[in-house]
Amino acid sequence: MSETPPLCYFDANASYPLLGELRKYGDFAFGSKLIHANPSANYQIAKQNRKIMEQGRRLFLEALKVSECDFKVCYTSSATEAINQVISSFCRQNSKASLCCSMIDHPCVLCSAKSWVSEGQQIVMLPIENCQYAIEQLQGIEDKTQAILFCLQAANNESGIVNDLGPLVTHIRSHYPNAQILVDACQAFGKLPFDYFHDFVADVDYLAMSAHKIGALAGTGVLLSNKNLNLLPLIYGGSQENCLRAGTHNIHGIVTLVEAMRLWVENGDQYRAIIDHLRTDMKEALSAVEGISLEFEDCPKRLSNSFMLHVGPCVDELFMLLDMAGICTSIGSACSSGSGQPSRVLMAYGFDERRSGECLRVSLHHMNTVEEIDFLVTKLKDFFNK
Amino acid sequence: MKLPSIEQAFSPELVEQLAQHKGCRIVVGMSGGVDSSLTALLLKHWGFEVIGVFMKNWQEDSPHCTAAEDFKDVERVCQDLEIPYHSMNLTNDYWENVFEDFLEQYKMGATPNPDILCNSEIKFHRFFKKVLSLEARYMATGHYAKVEMKDGVAQLHRGVDSNKDQSYFLYNINSEVLDRVLFPLGNFTKDQVRAMAKEAKIATSEKKDSTGICFIGERKFREFLSTYLKDQQGEIVDERGEVVGEHQGLYYHTIGQRKGLGLGGEGDPWFVYDKDIQSNQLKVVRGHEHPLLFCPHLTISKLNLLVPKDSLAFPVKCTAKIRYRQMDQECTVEQLGEDQFKVVFENSQRGVAIGQSVVFYQEDLCLGGGVIVKRPDPETCN
């Protein structure tokens, strides 16, 4: 590939053109258009990038059926950043307030919330019962009129359980007049029809999602936020995103995110139908494997792509053997010493510590094949037959 | 230093056995240290399919636990060697089978060795089983010890580096695992291992050897124990029964120990010669060579043999170590009961503590060993 960019580009101090082979990433998804340009610059190709970003914002709002009069869409580096920003902004504007989280939350919620306890904020835990939030059992909030940030998860990454947020959001709105509601939509986005969100999204204040969970490049997230609330930045130092998120845009990531979003809007039903079929095949095949049992199968609302296999104390060996066969699955929650450890999320769903460390997660995407499922099941059978 | 050939690492019988499993899969138990790293490198160099597996035994929320850093080192080494690697979580097994026993023993005033138990209960038992289920023919570790074949039976021998030999820590493993276990470093000295690792540019070649018990790390033992055991103050008395001080708990002290008594005064330093659990008294004498610090014999139990039982006819004359790195001590082992053996030493032994392991050797062959359950009353020698 030629080193010379096709344009007469003299703005290397804004963004240096991509080098060598990297250029193909710059041309990714949009034919010959050069997207390395810094979206904050003012020439045509930069404006082109801004246009893509704006298209993306509109796509989100349209898919969720909310108006740009009420909500704004902000690009971040990740859903983790988006969630940290909401929690930080809320805590900075509300002293001695409550953060309502649950044990099924992602660490970006729990750790971020914990970091505010020393500043006088309190954390209250939303109980989980029968695999759903049990807000009637919420304790620790004496004054329901106080400022509370409810952090709710749309779907859980480990169990695949979909939380019934419609009635929950209605309950919060009628009982907690000064509540703000943040929805972590990372796992639900795409995997569920957008109708799921239409039930409640207009009544929440924030919604965060992540590019790599829907098939775009990692390194980008989106934060949808209520325009009537004063969301404060987490990162300062530039006017990007209307001063809500400083720092040069990850334009390559954003472009892939917008394209992935478009694909889900146009083809989501088809993708999900494929996954439903794969699920049926997989479930049938797994039922023939002695030595494993499927968890959460009785829960009415689950992501169709998610399986939790209870495999027993041999989980590490099984995981390794599958890995060596080129089969990627997941165990427990990853920790920094590389092994799985008992998942606190599964424990929150009522598993004891031992059982929660004996499970293997298998999650499908629509490009999986029946042959791949057969391969996995054969490997599982081989393992347990020994 | 050039990498050695397989013939330089193993005995001819073992080399022959390995030749029958040419290129087989071998799992290396990796700790992130230089020894296990070189073990993996050598086995790969000799043409085996090597998989590195890190064993996680301790929850890493303690600032003293180096599991996360150690795993990073395993990762670096395995990436450089281009071998697959994994981490295996054995924290529950370790807690239940090693740590609880360790605490229990301490509470009873004994001086257990968790590293020995870790080898027999975890590394060469539970971990070993898991490893073999990965379709591996052998498990290898970086221990300084040797497996030698005699008449088709695998035996444990000392490593050639007498300063590093780790057979003491291995005496309690099940002898049946030995023919599926490899110690590729047993024929080399630590200096040679470092030199080879350096030459091969192994990322951890300069890493310091870990010292002490793995879950305690580099912190003070007393500080560690105090998080699990309550202080139990009692008297420190001398050989005449005179109270000379106060201790915070018998478990902080071991027989023969000088440090941490907090006793001063003029004269020779004080040493622990006995612990009386009933009266919660710590008994001390002055002088490193005081006769009360010495035992002519002791009783062991939980005998684990690494050689066929019928190859030994009691009383057995052999040598013994009552602690790691101790010089070999001539002794005779007599059978007292089903699992009771009296060890009579040619020279009285200093600092004999209940719970310590005694390991027996004939030349370089490790016969096995047991745990000290009784020592003679220091005052009466009975």
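All figures in this text were calculated on a predicted structure; none of them were measured in a lab.

*Asks:* Pulling in residues and values, what's your account of the overall build of chain B?
*Replies:* Tallying secondary structure elements over chain B gives nine helices and 17 strands in all. Relative to the compact-globule value of 21 Å for 382 residues, chain B shows a C-alpha radius of gyration of 22 Å, a close match. Dimensions along the principal axes, computed over C-alpha positions, put chain B at roughly 65 × 50 × 35 Å. The buried share of chain B, taken over its 382 residues, is 56%. On chain B, roughly 17,300 Å² of surface is accessible, and the fraction owed to carbon and sulfur atoms is 47%. Distance between charge centres in chain B, computed from 44 positive and 55 negative side chains, equals 3 Å.

*Asks:* Talk me through the packing of aromatic side chains; I want residue IDs and the actual numbers.
*Replies:* One pass over the full model with this rule turns up 28 aromatic pairs over all chains. Ring centres 6.0 Å apart and planes at 55° place the aromatic pair A:Phe197 and A:Phe200 in the tilted group. Here the two residues A:Phe197 and A:Phe200 agree in accessibility, since each one is buried. Their ring planes at 75° and their centres at 5.4 Å tell us that A:Phe296 and A:Tyr349 sit as a pair that is edge-to-face. Here the residue A:Phe296 occupies a position in the loop between β10 (293-295) and β11 (306-310), and A:Tyr349 occupies one in the loop between α9 (344-348) and α10 (353-356), the gap between them amounting to 53 residues. The burial state of A:Phe296 is the same as that of A:Tyr349; both residues are buried. Put simply, the rings of B:Trp58, B:Tyr94, B:Trp95, B:Phe99, B:Phe102, B:Tyr106 and B:Tyr228 pair up and form one aromatic cluster. B:Arg158 extends its terminal NZ or CZ atom over the ring of B:Tyr361, reaching a point 4.0 Å from the ring centre.

*Asks:* Outline the pairing of strand β11 (residues 281-286) of chain B, listing residues and values.
*Replies:* Residues and elements named next belong to chain B. Among the six residues that make up β11, five are buried, leaving the element largely enclosed by the rest of the structure. Note: strand β8 (residues 234-238) against β11, three bridges, orientation parallel. Looking across to β11, one finds that Val237 is bridged to Lys283. Here strand β10 (residues 270-276) runs beside β11; their pairing, made up of six bridges, is antiparallel.

*Asks:* Give a description of the sheet that holds strand β9 (residues 243-247) of chain B that names residues and reports values.
*Replies:* Residues and elements named next belong to chain B. The strand order β9-β8-β11-β10 describes an open sheet built from four strands, whose pairing is mixed. Of all the strands in the sheet, just β9 and β10 have a single pairing partner and so form its edges. Direction aside, the axes of adjacent strands within the sheet are offset by 30° on average.

*Asks:* Quick rundown of the pattern of salt bridges? Include the residues and the values.
*Replies:* Side chains carrying opposite charge are able to pair once their charged atoms draw close together. All names here are of chain B. Per the stated rule, a full pass over the model turns up 35 salt bridges over all chains. With a closest N to O distance of 3.0 Å, Arg25 and Glu49 form a salt bridge. Within this pair, whereas Arg25 is found in strand β1 (residues 25-30), its partner Glu49 is found in strand β2 (residues 49-56), the two being separated by 24 residues in sequence. With a closest N to O distance of 3.0 Å, Glu121 and Arg126 form a salt bridge. Exposure remark for Glu121: the relative accessible area of 24% places this residue in the partly exposed category. What makes Arg126 partly exposed here is its relative accessible area of 23%.

*Asks:* Account for the side chain of A:Asn94, naming residues and giving values.
*Replies:* Mapped onto the fold, A:Asn94 is located in the loop between α3 (79-93) and β2 (98-101). If we skip the residues at most four places from it in the chain, A:Asn94 touches A:Gln121, A:Ala147 and A:Gln180.

*Asks:* How would you sum up the nonpolar core? Please name residues and give values.
*Replies:* Of all hydrophobic cores here, the largest spans 111 residues; its most connected members are A:Leu309, A:Leu380, B:Phe10, B:Leu38, B:Leu43, B:Phe48 and B:Leu182. Here this core takes eight residues from helix α6 (residues 114-132) of chain B, the largest share from any one element. Ignoring sequence-local partners within four residues, the contact set of B:Leu43 consists of B:Ile26, B:Val28, B:Phe48, B:Val50, B:Ala140, B:Leu182 and B:Pro184. The next biggest cluster of nonpolar side chains, apart from the first, holds 73 residues, and it includes A:Leu126, A:Ile135, A:Tyr196 and A:Leu207.

*Asks:* If you had to explain the sheet that holds strand β3 (residues 85-89) of chain B to someone new, which residues and values would you point to?
*Replies:* Ordered by their spatial adjacency, five strands build an open sheet running β3-β2-β1-β4-β7 (chain B), and the pairing between neighbours is parallel. Two strands in the sheet have a free side with no partner beyond their single neighbour: β3 and β7 (181-182) of chain B. Bridge count between β1(B) and β2(B): six bridges; the pairing is parallel. Within the sheet, the bridge partner assigned to B:Val28 lies in β2(B) and is B:Gly52. Running at roughly 165° to β3(B), helix α8 (residues 315-324) of chain A makes contact with β1, β2 and β3 of chain B of the sheet.

*Asks:* Report on the interface of chain B and chain A, specifying residues and quantitative values.
*Replies:* A common way to state how big an interface is: give the accessible area lost once the parts meet. Each partner contributes to the interface: chain B provides 21 residues, whereas chain A provides 20 residues. Interface area, chain B with chain A, both sides summed: about 1,700 Å², of which 50% is carbon and sulfur. Note that B:Glu96 is salt-bridged to A:Arg354, the shortest N-O span being 2.9 Å. For the pair chain B and chain A, the interface holds six residue pairs in polar contact (both at pLDDT 80 or more).

Criteria and cut-off values
Residues numbered from 1 in each chain as written. Chains lettered and ligands numbered in written order. Predicted model: local features only at pLDDT ≥ 70, side-chain atom pairs only at ≥ 80, totals over all residues. Heavy atoms only, no water. Helix = DSSP H or I, 4+ residues; strand = E, 2+ residues; numbered from the N terminus. Rg over C-alpha atoms; globule rule 2.2 N^0.38 Å. Buried < 20%, exposed > 50% of the residue type's maximum accessible area, 1.4 Å probe, protein only. Areas by Shrake-Rupley, 256 points an atom, 1.4 Å probe, with all protein chains shown as cover. Lys, Arg positive; Asp, Glu negative; His and termini not counted. Charge placed at Lys NZ, Arg CZ, Asp CG, Glu CD. Phe/Tyr/Trp six-rings, centres within 6.5 Å; stacked < 30°, edge-to-face > 60°. Lys NZ or Arg CZ within 6 Å of the ring centre and 35° of its normal. Pairing = 2+ DSSP bridges. Axes fitted to C-alpha atoms, helices over the stretch in contact; angles between N-to-C directions. Salt bridge = Lys/Arg side-chain N within 4 Å of Asp/Glu carboxyl O. Contact = heavy atoms within 4.5 Å. Core = buried A, V, L, I, M, F, W, Y, C linked by side-chain atoms within 4.5 Å. Buried area = accessible area lost by both parts, 1.4 Å probe. Polar contact = N/O pair within 3.5 Å; in protein donor to acceptor, adjacent residues only side chain to side chain.

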